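# Summary of the model geometry
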Amino acid sequence: MTEGNFVDYVKIHVSSGNGGKGSAHLHREKYVAKGGPDGGDGGRGGHVILRGNKNLWTLFHLKFKRHVKAGHGEHGSKQRSTGADGQDEIIDVPLGTVIRDTETQEVLHEITEDGQEIVVAEGGKGGLGNWHFKSSTNQTPRYAQPGIPGEEHDVTLELKILADVGLVGFPNAGKSTLLSVITAAKPKIADYEFTTLKPNLGIVEYRDFKTFVVADIPGIIEGAAEGKGIGHRFLRHIERNSTLLFLIPADAKDIKKQYEILLDELRRYNPEMLDKDRLIAISKSDMLDSELKAEIKKELDGSLGAPYIFISSVAQQGLTELKDKLWEMLNKETV
Ligand SMILES: Nc1nc2c(ncn2[C@@H]2O[C@H](COP(=O)(O)OP(=O)(O)OP(=O)(O)O)[C@@H](O)[C@H]2O)c(=O)[nH]1
Ligand SMILES: [Mg+2]
């Protein structure tokens, strides 16, 4: 997934179809003195429906779709014939799409399953034809119901990625580089901060056809939970991940401190983030000789409160162990 086509927020105006009018037709036939009312019902207006689709990963396909309008129901007609229902409009969205009312910001629904359908604008009911109103006191009602008008409003769709593993780290920690070596994703990589401006997703294809999805989000800095940097806007994307992989570069001044700052930002954003499984990868460890490594080990052993491993994306070290470990964490039996 490249940077340009990642869209995680769109606003759409949705309008459903009007219900068709009921008919007030009176049957007339030669030689039949009083045919009576035979006006059919109006058809239902079309709904606007959002449907979960597991093969979609972004809202990019909706970027230029500002209005979605379903069809009107047809009017009823003679011989009690019911008008056709208006055409429904179905919009496919990725799993993890949250639907809000744009005006009130209220969450209306959330799409989490493939094929799940949510009606976001309900089509108006068709009116009843006049034959329904025939009674002993009124044999020829000349009245039929009008159709109910459709509804329209603005909805905001916001995507929370449903990746298995979320990468957490300061800018420049090597997150995108890692994604590029363990998955087929080709994120932008550079030696400056905030190279990644939008999340990237990659699928790790692993021995015996095992797969899991990793999300690389822009770097988090101190104060991110209050809106510093750009990472905070994307923190919601790792709210759903079951496992968090922290990346801390081997040349960090204080590895433990960096880890604690990151944890603190997550906690301040949403305390539930700390309920997730955590693994720490000391990245760029090709820069360490064995002596330095031993020193870091001595410092970190038992003091982090989470398991850690040394990796290097550039030298391809520790990557299999990393994948094994992540797989194990993702598939451990939950008690
Ligand atoms: N020596 C070494 N350098 C690495 C390694 N992994 C990444 N780098 C370098 O670190 C720099 C930053 O890498 P990125 O992958 O862009 O870092 P990031 O965490 O995605 O950064 P942001 O997108 O800015 O948050 C680049 O110059 C990479 O070449 C590694 O394993 N070893
Ligand atoms: Mg990056």
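Since the structure is predicted, the reported quantities are computational estimates derived from the model, not experimental observations. (Residues numbered from 1 in each chain as written. Chains lettered and ligands numbered in written order. Predicted model: local features only at pLDDT ≥ 70, side-chain atom pairs only at ≥ 80, totals over all residues. Heavy atoms only, no water.)

The next thing to look at is the pairing of strand β1 (residues 9–15). In terms of residue burial, β1 counts as a mostly covered element, since five of its seven residues are buried. Across seven bridges, the pairing between β1 and strand β10 (residues 152–159) is antiparallel. Within β10, the position partnered with Ser 15 by the bridge is Glu 152. Both β1 and strand β5 (residues 67–69) contribute to a ladder of three bridges, which runs parallel. Looking across to β5, one finds that Val 14 is bridged to Val 68. (Buried < 20%, exposed > 50% of the residue type's maximum accessible area, 1.4 Å probe, protein only. Helix = DSSP H or I, 4+ residues; strand = E, 2+ residues; numbered from the N terminus. Pairing = 2+ DSSP bridges.)

Turning our eyes to something else, we now look at the site of ligand 1. Among the 22 residues in the neighbourhood of ligand 1, the closest are listed as Lys 175, Thr 177, Phe 194, Thr 196 and Asp 286. A distance of 2.8 Å is found between an oxygen atom of ligand 1 and a backbone nitrogen or oxygen belonging to Thr 195. Contact distances for ligand 1 include 2.9 Å between an oxygen atom and a backbone N or O atom of Ser 313. Summarising the interface, the protein chains cover 88% of the accessible area of ligand 1, which totals 650 Å² for the free molecule. (Near = heavy atom within 4 Å. Polar contact = N/O pair within 3.5 Å; in protein donor to acceptor, adjacent residues only side chain to side chain. Areas by Shrake-Rupley, 256 points an atom, 1.4 Å probe, with all protein chains shown as cover.)

Below, the discussion takes up the sheet that holds strand β8 (residues 107–111). In spatial order, the strands read β5-β1-β10-β7-β8; together these five strands make up an open sheet with mixed pairing. For this open sheet the edge positions go to β5 and β8, each flanked by a neighbour on one side alone. Ignoring strand direction, the axes of neighbouring strands in this sheet form an average angle of 25 degrees. (Axes fitted to C-alpha atoms, helices over the stretch in contact; angles between N-to-C directions.)

Here we come to the domain arrangement of the chain. Here the chain is described as being made up of domain 1 (1–161) and domain 2 (165–331). The centre of domain 1, based on its C-alpha atoms, is set 46 Å off from the matching centre of domain 2. Taken together, the contacts link 12 residues of domain 1 with 16 residues of domain 2. Taken together, both faces of the contact between domain 1 and domain 2 bury some 1500 Å²; the carbon and sulfur share is 49%. (Domains from an automatic or database assignment. Contact = heavy atoms within 4.5 Å. Buried area = accessible area lost by both parts, 1.4 Å probe.)

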